[in-house]
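Reading the structure
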Amino acid sequence: MNLRLKRWITAGAALAMVATMGLSACSTNRALTSETGKNEVTMASRTPNWIFPISAKGYTQGENGQFIQAMYRPLFAYKSSSDTPYKINLDKSLGLVPEVSEDGKTYTITLRDDAKWSDGTPVSTRDIEFWWNLVTNNKDQWASYKEGFFPDGASLDIKDEHTFSITTTDAFNPSWFIDNQINKVALLPQHAWDKTSADEAVSDLDRTPEGAQKVFAYLQGEAKNLSTYATNPLWQTVNGPWKLSSFTPDQGLELVPNENYWGKDKPQIDKLIYKAFTGDDAEFNSVRSGAIDFGYIPAAQYNQRSAVESKGYNVYLWAGNTITYLALNFAPQAPGSKYINQKYIRQAMQELIDQPTLSEKIWSGTASPTCGPVPMAADKVGTTEGCVYKFDPDAAKKLLEDHGWKVVPDGSTTCENPGTGEGQCGEGIAAGDALSFKLISQSGFVSTHQMFEEIISQFGKLGIKIDMNEVPDSVGASQACDDETPCTWDLSFFGSQTSWGFPIYASGERLFATNAPVNLGQYSNPEADKLIEESTRSTAPDALQAYNDFLAEDLPVLWMPNPYYQITAVKNTIDLGELDATGDTWPEDWAWKTDGTK
């Protein structure tokens, strides 16, 4: 897999194969030295290029998130198997479980009272206020901001040094608001960063809009100066288990334990070494030679798993909290939209996609079926449980014939009975119209190319033609159509490394709601909009399931095999600590084993 997507600590990363691969917390004694005699772990990673814990446009790569989270504890971290409300991982969070008011509009949050910054200053609500002032006065510079979403329509109330509340104008589903909105809050060291130059004394500049803009501009400017990351005093003030000791742009970095870290989960390793590689081949060569402790196997090289294991590695498949789909273009300008707008045609198309076989044969077991808009539960990954439509060419053929089509296997299937009545082809489809679609797909992925060769062949058996154009940047080539943009695609695939990743609460307001920002195919259904809205606002326990069930059946997209976003090779002498089925692994929990177990 492309190294730009490698993440091993970002929120929402999943270890969905824990049960089937025998992954569990090892009850071993912990060693103080590695196999090399040094208590350090060397890992493959692209070098991050952002350190400021407020995301910036153009700097949202996964390696930035895992780098920042090692040094700056989040308000809330998550763990899918947690019994704590909202799946909060309290051991890794600065905040305790929020109290939600009866009207569902006020969230009162208490910070843990033992947390402190590396210089000994207690973590406090002043650090929350500092973040709030910076983002609310610099929304256009914050990559996580979308107009109308948090913090729009919300207010902050600082109650004391350890307690604050956020009140919203409207009531939301607490799970959605806590897991998808408040999770954006970051605690920043106001006592060290509230200034506009290195020599300026810290004050309360952030408490005016003009001051907040100047402070934000200063911090963003410093964050763009990668060469000073390890020497700039700003970035030495951390509250997480790690701090930066060296940083060389485009080559790598080193993290060492924060000696003043307040948590019980203190690092058991003396140094984390990020080693940058020029590409997948160079990185995988280091794995095959056994020269790295924590590396990755490109999906195309998964057939070399046994050779990797023989070098002393355990191999883990990370599914992620993700889905993969083939976008359908409902826009009137799209050449095949009159077909796509017919639900029975979408159903027939889905029944021609053999997800289990494609996952196993084409992706060599490194992908699993997608059944709907909500990612599969960890214990269901690899199955088709929950899939409304199974692979069934005979059923697909019958659907077309029952709606007025003359199916010509390996030829051209055409509309024989036009019209909008029962047994007819549907609105806008004329007699003699042939089922034909233009597909845009990503180039550069062997498995993706082979997958579509098989799908195109399967469609052809029912006389459905797909004209495929492979391009380097499928996302850019398949933007939503409008009056100014020529519309040249019917189907678009950009899921060679999954199509979409979610936070812990997998709602669809950004993907499948009418006019949603990533709704490239302009799917629109009032019932879907209603269910999406309810999934973000209703406290009903089945609101998200109801949304999933409707869209799984209505097919806003075609569900496709979901490639595991990461295949990890870890030295079998490293204990990774507790591994949650759809949670994160945290480097401060790692240690070298002493009892020889693998």
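Here, residues in each chain are numbered from 1, in the same order as that chain's written sequence. Where totals are concerned, whole chains, interfaces and linings use all residues; where local detail is concerned, this predicted model gives features only for residues with pLDDT of at least 70, and gives and counts side-chain atom pairs only at 80 or more. Values shown for side chains rest on all heavy atoms present in the structure; no hydrogens or waters enter the calculation.

**Looking at the confidence of the model for the protein**
The quantity known as pLDDT measures the predictor's confidence residue by residue, on a range of 0 to 100. Residues with a pLDDT of 70 or more make up 92% of the protein, whose mean pLDDT is 89. Across residues 1–32, where pLDDT falls below 50, the model places 125 contacts with residues more than four positions away in sequence or in other chains. Whether two residues are in contact is decided by their heavy atoms, any of which lying within 4.5 Å being enough.

**Points about the packing of aromatic side chains**
Aromatic rings from Phe, Tyr and Trp, with only the six-membered ring used for Trp, were paired whenever their centres fell within 6.5 Å, and each pair was classed as stacked if the ring planes differed by under 30 degrees, edge-to-face if by over 60, and tilted otherwise. This structure, assessed with the given rule, holds 28 aromatic pairs. Geometrically, the ring pair formed by Tyr339 and Trp405 is edge-to-face, given 6.0 Å between the ring centres and 70° between the ring planes. In this pair, Tyr339 is assigned in helix H9 (residues 337–340) and Trp405 in strand S15 (residues 405–406), connecting sequence segments 66 residues apart. In terms of burial, Tyr339 and Trp405 fall into one category: buried. Aromatic side chains Phe512 and Trp559 sit 6.3 Å apart centroid to centroid with 80° between the ring planes, which places their arrangement in the edge-to-face category. Note on conventions: DSSP H or I runs of at least 4 residues are helices, E runs of at least 2 residues are strands, and numbering of each starts at the N terminus. Partly exposed residues are those whose accessible area sits between 20% and 50% of the maximum for their type, while under 20% is buried and over 50% is exposed, using a 1.4 Å probe and protein chains only.

**Structural notes on the state of the cysteines**
Working definition: a disulfide is two cysteine sulfur atoms within 2.5 Å of each other. Tallied over the entire structure, the rule returns three disulfides. Between the sulfur atoms of Cys415 and its disulfide partner Cys425 the distance amounts to 2.1 Å. Taking the torsion about the S-S bond as the criterion, the Cys415 to Cys425 disulfide, at about 110°, is right-handed. One end of the pair, Cys415, is in strand S16 (residues 414–415); the other, Cys425, is in the loop between S16 and strand S17 (436–442), with ten residues separating them in the sequence. A single burial state applies to Cys415 and to Cys425, both of which are buried. Disulfide pairing is shown between Cys481 and Cys487; the S-S distance is 2.0 Å. Disulfide Cys481-Cys487: the torsion about the S-S bond is 70°, which places it as right-handed. With relative accessibility at 6%, the residue Cys481 sits in the buried group. Classification of Cys487 by relative accessible area gives buried; the value is 15%.

**Observations regarding the pairing of strand S5 (residues 154–158)**
DSSP bridges decide pairing: two strands pair if at least two such bridges lie between them. Bridge analysis of S5 against strand S6 (residues 163–168) gives five bridges, and the strand direction is antiparallel. Bridge assignment links Asp157 to a residue of S6, and that residue is Ser165. Turn length for the S5-S6 hairpin, with the two strands adjacent in sequence and antiparallel, is four residues.

**Brief notes about the sheet that holds S6**
Each strand in a sheet pairs with its neighbour through backbone hydrogen bonds, running either in the same direction (parallel) or in the opposite one (antiparallel). As summarised here, the arrangement of the four strands in space is S3-S4-S6-S5, forming an open sheet in which the pairing is antiparallel. The open sheet has two free edges, formed respectively by strand S3 (99–100) and S5, since each of these has just one partner strand. Fitting a line to C-alpha atoms yields each axis, with helices limited to the stretch in contact; the angle taken between N-to-C directions then spans 0 to 180 degrees. Contacts from helix H3 (residues 125–136) reach S5 and S6 within the one sheet, and its direction differs from that of S5 by about 150°.

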